[in-house]
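# Examination of the molecular architecture
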There are 2 protein chains.
Amino acid sequence: MALRVYLAGPEVFFPNAREQGEEKKRICAAHGFEGVYPLDNEIRDAAPLHPEGLAQAISHGNERLMRGADLIIANCTPFRSVSMDAGTAYEIGFMRALGKPVFGYSNIAAPYAARVRATPDAAQAAWCTETRRADVEDFGLAENLMIAVAVLDTAGRFVVRDVAADRVLSDLDAFRDCLALAQRVLAAGSV
Amino acid sequence: MALRVYLAGPEVFFPNAREQGEEKKRICAAHGFEGVYPLDNEIRDAAPLHPEGLAQAISHGNERLMRGADLIIANCTPFRSVSMDAGTAYEIGFMRALGKPVFGYSNIAAPYAARVRATPDAAQAAWCTETRRADVEDFGLAENLMIAVAVLDTAGRFVVRDVAADRVLSDLDAFRDCLALAQRVLAAGSV
């Protein structure tokens, strides 16, 4: 039976979120995996729910999908900031705690520290002048070390690429590389 | 025996990170908890480690501390962006998957959607013009719904405050509120 891959990433916020999920699932199938996408959750009776109730139903649904999945492939491309989507970071931690393999990719190849240094203080710290005093974590890694190490422990590498600016969140070549890597790593049985 | 609280947040990046940790631990003790802080890890033989090896040692140490802790209180204040620190988001997901209570606070009271709308496109999306097409998640919550729901399920509320801009990351009044909330919630035995 095909291993189930939880497809984490900020593409759920795209206007074409469902199409993006279907495309990722097709690519999974072509690599012998079954893709599981957050929008697979059918939220029943959504209409009567107040916003907090709907958020809760979505969150619980996603956690159910993660518990039923065998591994996660996370789109760690910076989202609205120098860092990745916070919800996706949460999901990587969730799967890591369950002992499941974590693969990650980014369509921005520059490491985290380089991204911070390239971003003006005013853009980073609109909320807080105090942030400017904080050290820039610099291990040469693609993301915060908790995330990067979870990926490196599983996969040996964090897949990064540079793609055109208008395709940074949706380009799927790095995702394909991750699936090929997952095939090799899981076939080798090292995780 | 005092319950152990994992103290998650971007203050580990501060020049005064250790002092901040000691202060949080003192406040924990005053509320009957034992604080566990990421910098409690003694990384031995750090000097010979290359940066990736050091990152791995820190990450594994933090995961050990989390597995040994009974609950997490996370500083979810926006860090270098409209969103919280990605490493802290990871740690919330990690503790949630282990079934441990999750408390969170932010020193910015504006909900996530309001923060995004108040941030110029150029500041949000330096890396990616495509981000501008993404929907703004708007459930009236303090953070991405995966994080907010984990907190709300445990605590009933996400503690938010507004403090002076030069104290946004380090002010500890909301942290104190979280500890008082944790006392009440855990004493009630509902989580």
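Placed above this text is the structure.
Report on the accompanying structure.

Each value, and the rule that gives it
- Residues numbered from 1 in each chain as written.
- Chains lettered and ligands numbered in written order.
- Predicted model: local features only at pLDDT ≥ 70, side-chain atom pairs only at ≥ 80, totals over all residues.
- Heavy atoms only, no water.
- Contact = heavy atoms within 4.5 Å.
- Buried area = accessible area lost by both parts, 1.4 Å probe.
- Salt bridge = Lys/Arg side-chain N within 4 Å of Asp/Glu carboxyl O.
- Polar contact = N/O pair within 3.5 Å; in protein donor to acceptor, adjacent residues only side chain to side chain.
- Helix = DSSP H or I, 4+ residues; strand = E, 2+ residues; numbered from the N terminus.
- Nonpolar A, V, L, I, M, F, W, Y, C, P; charged D, E, K, R; others polar.
- Least-squares fit on C-alpha atoms with pLDDT ≥ 70 in both.
- Expected span 1.5 Å × (residues − 1).
- Buried < 20%, exposed > 50% of the residue type's maximum accessible area, 1.4 Å probe, protein only.
- Pairing = 2+ DSSP bridges.
- Phe/Tyr/Trp six-rings, centres within 6.5 Å; stacked < 30°, edge-to-face > 60°.
- Lys NZ or Arg CZ within 6 Å of the ring centre and 35° of its normal.
- Axes fitted to C-alpha atoms, helices over the stretch in contact; angles between N-to-C directions.
- Parallel < 35°, antiparallel > 145°, perpendicular 65-115°, else oblique.
- Left-handed = near helix turned anticlockwise from the far one by under 90°.
- Core = buried A, V, L, I, M, F, W, Y, C linked by side-chain atoms within 4.5 Å.

### Description of the interface of chain A and chain B
Each partner contributes residues to the interface: chain A has 69 residues there, and chain B has 69 residues. Where chain A abuts chain B, roughly 5,900 Å² becomes buried across the two surfaces, and 62% of that area is made up of carbon and sulfur atoms. There are two salt bridges connecting chain A and chain B. For Arg96 of chain B, the salt bridge identified is with Glu63 of chain A, shortest N-O distance 3.2 Å. Where chain A touches chain B, the interface holds 15 residue pairs in polar contact (both at pLDDT 80 or more). For the side of chain A that touches chain B, the secondary-structure elements that each account for two or more residues are α2 (51-68), α3 (86-97), α4 (112-118), α5 (121-124) and α6 (145-155) of chain A. Ranked by residue count, the leading element in the side of chain A that touches chain B is α2 of chain A, at twelve residues. Among the residues making up the side of chain A that touches chain B, the classes are represented as 39 nonpolar, 14 polar and 16 charged.

### What about the relation of the copies chain A and chain B?
Between chain A and chain B, which share one sequence, the superposing operator has a rotation angle of 180° and an axial displacement of 0.0 Å; the RMSD is 0.0 Å. Look at the turn and shift together and you get a two-fold axis relating the two.

### Description of α3 of chain A
Residue and element names in this part refer to chain A. Spanning twelve residues, α3 covers 17 Å between terminal C-alpha atoms, matching the ideal 16 Å at 1.5 Å per step. Burial analysis of α3 places twelve of its twelve residues in the buried class, the great majority of the element. Of all the positions in α3, only Ala86, Gly87, Thr88, Ala89, Tyr90, Glu91, Ile92, Gly93, Phe94, Met95, Arg96 and Ala97 are classed as buried. Gly99, located one to two residues past α3, shows a positive phi value of around 80°.

### Things to note about the sheet that holds strand β2 (residues 33-36) of chain A
Each strand in a sheet pairs with its neighbour through backbone hydrogen bonds, running either in the same direction (parallel) or in the opposite one (antiparallel). Residues and elements named next belong to chain A. Pairing within the open sheet is parallel, and its five strands lie in the order β2-β1-β3-β4-β5. Both outer strands of the open sheet, β2 and β5 (159-160), are each paired with one neighbouring strand and no more. Two strands pair when backbone bridges link them, and strand β3 (residues 71-75) and strand β4 (residues 102-106) are joined in this way by four bridges, in the parallel orientation. Pairing of Ala74 across the sheet is with Gly104, part of β4.

### What about the packing of aromatic side chains?
Residue and element names in this part refer to chain A. Going through the model one piece at a time under the given rule, you end up with six aromatic pairs over all chains. On the basis of an interplanar angle of 20° and a centroid distance of 5.8 Å, the ring pair of Phe13 and Phe79 is categorised as stacked. Of this pair, Phe13 sits in the loop between β1 (3-8) and α1 (17-30) while Phe79 sits in the loop between β3 and α3, and the two are 66 residues apart along the sequence. Both residues of the pair, Phe13 and Phe79, belong to the buried class. Above the ring of Phe175, the side-chain terminus of Lys24 is found at 4.7 Å from the ring centroid.

### Quick look at the side chain of Thr119 of chain A
Among the secondary structure elements, Thr119 of chain A is positioned in the loop between α4 and α5. Reaching out from Thr119 of chain A, the side chain makes a polar contact with the backbone oxygen of Arg115 of chain A at a distance of 2.7 Å.

### Focus: the packing of helix α2 (residues 51-68) of chain B against helix α3 (residues 86-97) of chain B
Residues and elements named next belong to chain B. The N-to-C vectors of α2 and α3 enclose an angle of 40°; their axes lie 10 Å apart at closest approach. As far as their axial angle goes, α3 and α2 are oblique. Once α2 is placed against α3, the crossing between them reads as right-handed. On α3, the residues touching Asn62, Glu63, Met66 and Arg67 of α2 are Tyr90, Glu91, Phe94 and Met95. A breakdown of the residues in the contact of α2 with α3 according to their chemical character gives four nonpolar, one polar and three charged.

### Notes on the environment of Asp40 of chain B
All names here are of chain B. Structurally, Asp40 is set in the loop between β2 (33-36) and α2. For the pair Asp40 and Gly61, spaced 21 residues apart in the sequence, the C-alpha separation amounts to 8.8 Å. Reaching out from Asp40, the side chain makes a polar contact with the side chain of Lys25 at a distance of 2.7 Å.

### Regarding the nonpolar core
Membership of the largest hydrophobic core comes to 61 residues, with the highest contact counts inside it found for Tyr6, Ile92 and Ile147 of chain A together with Tyr6, Ile72, Ile92 and Ile147 of chain B. In this view, Ile92 of chain A contacts Ile72, Ala74, Cys76, Met84, Val102, Ile147 and Ala150 of chain A together with Tyr90 of chain B; residues no more than four positions away in its chain are not counted. Core analysis: the next-biggest nonpolar cluster, separate from the first, contains 22 residues, Leu71, Tyr105, Cys178 and Val185 of chain B among them.

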